[in-house]
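So you can see what is in the structure, the chains are spelled out below.
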Amino acid sequence: MANNLSELQYLTIVCNPNQKEKIQGMLIKNGVRGINVVYGKGSINKGFLAQALGFETEAQKAVITCLTLIDNAKEILKILQDEFNFLKQNTGIAFTIPI
């Protein structure tokens with residue numbers, strides 16, 4: 001994939017299941033291969049903390065993970081912000097971990 005492994009990033013995206021197909025398509029369009037998807041269940045209860053932080057409790061989540069190069073990861077994060085509104089509250093979370 002890359003000659004320099006220090007350029008690899010482990011990208012994690014947590015989103016609503018109804019966004020999974022579009023996000024997977026965007027990842028493939030941007031050259032990402034080896035995409036993993038798992039489904040999870042939210043665990044936060046609608047209580048004081050959730051209300052104080054403005055969290056919406058949603059039962060189902062899709063967790064998408066993959067490896068990509070650092071420059072590609074930056075581009076994907078920008079697309080998630082611009083096209084999938086990830087800067088907006090309760091839309092999704094995305095982050096990278098250096099490999």
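Coordinates for the structure precede this section.
What counts as what
- Residues numbered from 1 in each chain as written.
- Predicted model: local features only at pLDDT ≥ 70, side-chain atom pairs only at ≥ 80, totals over all residues.
- Heavy atoms only, no water.
- Helix = DSSP H or I, 4+ residues; strand = E, 2+ residues; numbered from the N terminus.
- Buried < 20%, exposed > 50% of the residue type's maximum accessible area, 1.4 Å probe, protein only.
- Areas by Shrake-Rupley, 256 points an atom, 1.4 Å probe, with all protein chains shown as cover.
- Contact = heavy atoms within 4.5 Å.
- Expected span 1.5 Å × (residues − 1).
- Arc of directions from axis to C-beta.
- Patch = residues over 30% accessible without salt bridge, like charges linked within 9 Å, V, L, I, M, F, W, Y side chains within 5 Å.
- Salt bridge = Lys/Arg side-chain N within 4 Å of Asp/Glu carboxyl O.
- Axes fitted to C-alpha atoms, helices over the stretch in contact; angles between N-to-C directions.
- Left-handed = near helix turned anticlockwise from the far one by under 90°.
- Nonpolar A, V, L, I, M, F, W, Y, C, P; charged D, E, K, R; others polar.
- Pairing = 2+ DSSP bridges.

## Digging into the overall build of the protein chain
Inference 1: A tally of helices and strands in the protein chain yields three helices and four strands.
Inference 2: When the elements of the protein chain are put in sequence order from the N terminus, they spell out β-α-β-α-β-α-β.
Inference 3: Here the protein chain holds 99 residues, and 28% of them are scored as buried.
Inference 4: Only carbon and sulfur atoms are counted for the fraction: they give 55% of the accessible area of the protein chain, which is about 6500 Å².

## A look at the environment of Phe95
Inference 1: Take Phe95: it is sitting in strand S4 (residues 92-98).
Inference 2: Looking at Phe95, the relative accessible area reads 36%, which means it is partly exposed.
Inference 3: Sequence-wise, Phe95 and Lys74 are 21 residues apart; in three dimensions their C-alpha atoms are separated by 9.8 Å.
Inference 4: When neighbours within four sequence positions are excluded, Phe95 is seen to be in contact with Tyr10, Leu11, Thr12 and Leu77.

## Topic: helix H3 (residues 70-83)
Inference 1: The first and last C-alpha atoms of H3 sit 20 Å apart over 14 residues, in line with the 20 Å expected at 1.5 Å per residue.
Inference 2: Here H3 has its buried residues at Asn72, Ala73, Ile76, Ile79 and Leu80. In a view along the axis of H3, the buried residues occupy a sector of 120 degrees, so they form one face of it. Across H3 from its buried face, at more than 90 degrees, point the exposed residues Asp71 and Lys74.
Inference 3: Packed against the buried residues of H3 are strand S1 (8-15), helix H1 (20-29), strand S3 (60-69) and S4.
Inference 4: Backbone geometry just downstream of H3 places Asn85 in the positive-phi region, at approximately 55 degrees.

## Overview of a nonpolar patch on the surface
Inference 1: On the surface, a nonpolar cluster with roughly 530 Å² of combined accessible area is contributed by Tyr10, Leu67, Ile93, Phe95, Ile97 and Ile99.
Inference 2: Counting residues per element, the nonpolar patch draws most heavily on S4, which supplies three residues.
Inference 3: Looking at the element boundaries, Ile93 is found in strand S4.

## Quick look at the packing of H1 against H3
Helices that pack against each other are described as a pair by the angle of their axes relative to one another and the distance between those axes.
Inference 1: Orientation of H1 relative to H3, taken along the N-to-C sense of each, is 145 degrees, at an axis distance of 11 Å. Here the hand of the crossing between H1 and H3 comes out right-handed. In this structure, H1 uses Ile23, Met26 and Leu27 to contact H3, whose residues at the interface are Ile76, Ile79 and Leu80.
Inference 2: Split into classes, the residues belonging to the contact of H1 with H3 amount to six nonpolar, no polar and no charged.

## Describing the sheet that holds strand S2 (residues 36-41)
Inference 1: Spatially, four strands are ordered S2-S3-S1-S4 in an open sheet, and the strand pairing comes out antiparallel. At either end of the open sheet lies a strand with only one pairing partner, and these are S2 and S4. Taking each pair of neighbouring strands and ignoring which way they run, the sheet shows an average axis angle of 20 degrees.
Inference 2: As paired strands, S1 and S3 are joined by eight bridges and run antiparallel to one another. Bridge pairing links Tyr10 to Leu67 in S3.
Inference 3: Along the sheet, H1 contacts S1, S2 and S3; its crossing angle with S1, the most-contacted strand, is approximately 160 degrees.
Inference 4: Contacts from H3 reach S1, S3 and S4, with the element oriented near 145 degrees to S3.

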